[in-house]
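Residue strings, one per chain:
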Amino acid sequence: MGNGASQIHTGMSEVSSGFNTVGNTFDRLNNGFNQFTSDFVPLPNESVKLQQTITDFQNNHPELAKDATFQHFVQKAQSINGGLDKFNSGLTDFSQNLSKTTAGSKKLIEGTNSITTKLEELSTGASKLADAQQQLANGANNVNKGWSKVISSLISIKSGEDKLKMGSKKLTNQLKNGAKQIQSIHAGQPIYEMMSNPVRLKEQLVHSVPNYGTGLAPYFLSLSLFVGALLLSTIFPIRETNKRAPSGMAWFLSKFIFLSAISIFHSVITNLILIYVIGLDPANKAYLYLFAFVTSLTFMSIILFLVTTANNAGRFLAIILLVLQLTSSAGTFPIELTPGFLQRIHSLMPMTYTVQGFRSIISTADYHLLRQDVLVLIVYLILSMLLTLLVMRHLLKKQTSSG
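Residues numbered from 1 in each chain as written. Predicted model: local features only at pLDDT ≥ 70, side-chain atom pairs only at ≥ 80, totals over all residues. Heavy atoms only, no water.

A. Main features of the overall build of the chain. The helix and strand inventory of the chain stands at 11 helices and 0 strands. Secondary structure elements of the chain occur, N-terminal to C-terminal, as α-α-α-α-α-α-α-α-α-α-α. For the chain, the exposed area adds up to about 26,500 Å²; of that, 63% sits on carbon and sulfur atoms. (Helix = DSSP H or I, 4+ residues; strand = E, 2+ residues; numbered from the N terminus. Areas by Shrake-Rupley, 256 points an atom, 1.4 Å probe, with all protein chains shown as cover.)

B. View of the packing of helix α6 (residues 248-278) against helix α7 (residues 285-310). Running from N to C, α6 and α7 cross one another at 140°; their axes reach a closest spacing of 8 Å. With respect to each other, α6 and α7 are oriented oblique. The interaxial crossing formed by α6 with α7 has right-handed handedness. Looking at side-chain class alone, the contact of α6 with α7 contains 16 nonpolar, 7 polar and 2 charged residues. (Axes fitted to C-alpha atoms, helices over the stretch in contact; angles between N-to-C directions. Parallel < 35°, antiparallel > 145°, perpendicular 65-115°, else oblique. Left-handed = near helix turned anticlockwise from the far one by under 90°. Nonpolar A, V, L, I, M, F, W, Y, C, P; charged D, E, K, R; others polar.)

C. View of the confidence of the model for the chain. Per-residue pLDDT for the chain has a mean of 79; in total, 70% of the residues score no lower than 70. Averaged pLDDT values over the elements of the chain bottom out at 64 in helix α1 (residues 2-40) and peak at 95 in α7. (pLDDT = per-residue confidence, 0-100.)

D. Structural view of the nonpolar core. If you look at the biggest cluster of nonpolar residues, it comprises 47 residues, and the most contacted ones within it are F226, L288, I303 and F358. Among the secondary structure elements, those contributing two or more residues to this core are α5 (212-235), α6, α7, α8 (312-328), α10 (350-364) and α11 (367-402). Broken down by element, this core gets its largest block of residues, 11 residues, from α7. Every residue in contact with L288, bar those within four places of it in the chain, is listed here: L221, N271, I275, P282, F358, I361 and I362. (Core = buried A, V, L, I, M, F, W, Y, C linked by side-chain atoms within 4.5 Å. Buried < 20%, exposed > 50% of the residue type's maximum accessible area, 1.4 Å probe, protein only. Contact = heavy atoms within 4.5 Å.)

E. Up close: the packing of α6 against α11. Axis separation between α6 and α11 bottoms out at 8 Å; the angle between their running directions is 130°. As the angle between them shows, α6 and α11 are arranged oblique. In this structure, α6 crosses over α11, and the sense of that crossing is right-handed. On α11, the residues touching G248, M249, W251, F252, K255 and F256 of α6 are L381, M385, T388, L389, M392, R393, L395, L396 and Q399. Grouping the constituent residues of the contact of α6 with α11 by class yields 10 nonpolar, 3 polar and 2 charged.

F. Representation of the pattern of salt bridges within the structure. Overall, the coordinates contain 1 salt bridge when judged by the stated rule. Across the salt bridge formed by K165 and E161, the nearest N and O atoms sit 4.0 Å from each other. Taken together, the positions of K165 and E161, both in helix α3 (residues 68-184) and 4 residues apart, correspond to about one turn of that helix. On the basis of relative accessibility, which here comes to 54%, the residue K165 falls in the exposed class. Exposure remark for E161: the relative accessible area of 38% places this residue in the partly exposed category. (Salt bridge = Lys/Arg side-chain N within 4 Å of Asp/Glu carboxyl O.)

G. Molecular detail of α10. Along its 15 residues, α10 runs 20 Å from first to last C-alpha, staying within 8% of the 21 Å computed at 1.5 Å per residue. Counting buried residues in α10 gives 12 out of 15 residues, a clear majority hidden from the surface. Those residues of α10 not exposed but buried are P350, M351, T352, Y353, T354, V355, G357, F358, S360, I361, I362 and T364. At the C-terminal side of α10, A365 shows a positive phi close to 60°. (Expected span 1.5 Å × (residues − 1).)

Below is the structure:
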């Protein structure tokens, strides 16, 4: 439809162009005729004047009334004058008709132009209508697809309903059979007990501990050794020396040897109280003393590094580290029961390995796991010692340059 309207519009444009050409031709003809008329108008007047002159001349010469030649001339002059009058009258009618024709052609051209404009609007509307028809066709296609899906869904629902009816029928039959079988059962006390308590929990201990305190001993033993190292940093001058140290190594050894002696004393006293006062019965007492010393020395080294590096801010960082270790070391609950963040930092905390090590020594006797824990703690110990030595050398160099 849009293409047909466009073709009609094109044809009418050509027709309008032709009418414009005709109109322009009529305008030129009208202008030429007007020019001819303006040139012709004086002729009748001159002819009248000539006739009047001939009449006056005849009146003044009466003898010419009998002259045949002159009378023939007078007749010809009158004939010419009459012909000019008729021609002038016809020329006037032709001019009026030509003016009407020109005006009519102008109206025809205006009407043609109006039709062309309307046809252009019709072409635009036809294009819009064609687009709307295409959209309508697309919408109908979408509706058809949606309806097909609805029909498919209804078929699936019908199939499910049929299956539900069949299952319901089977369930009803099974319930009837079960009711008949229950009626045939002679109930007694064993049946009543089984129905009241159908599930019984059977426990299988992986590692038996005599009491709750023994289970928590690895956690609190690690906590006491870390807190003891942290408290020692508040009364022992870790950063200060009586006089300027000759080297960073001498400064480090003077502090580390003292802290090692304190670690031996701390671990021995703690284990003696646990075993002989509280009554802890570890699987291997010797390993308990050695591992407690390694744990205490590792914690001492970590706190020595933090306090040497940042002084009181280092102690604050040590407290934060303690809090993180208490929640992520799995000392009270399995690590799987803690939040995801604590599970991610679980393997990074040194207390994780001290709790595992003490648990192996006290309860499980898993010495393979104990060796792994000791190796990890030694890595923490050596790393802390090296970092502390580097910090002390830097501080000593800074003191020397400023002094």
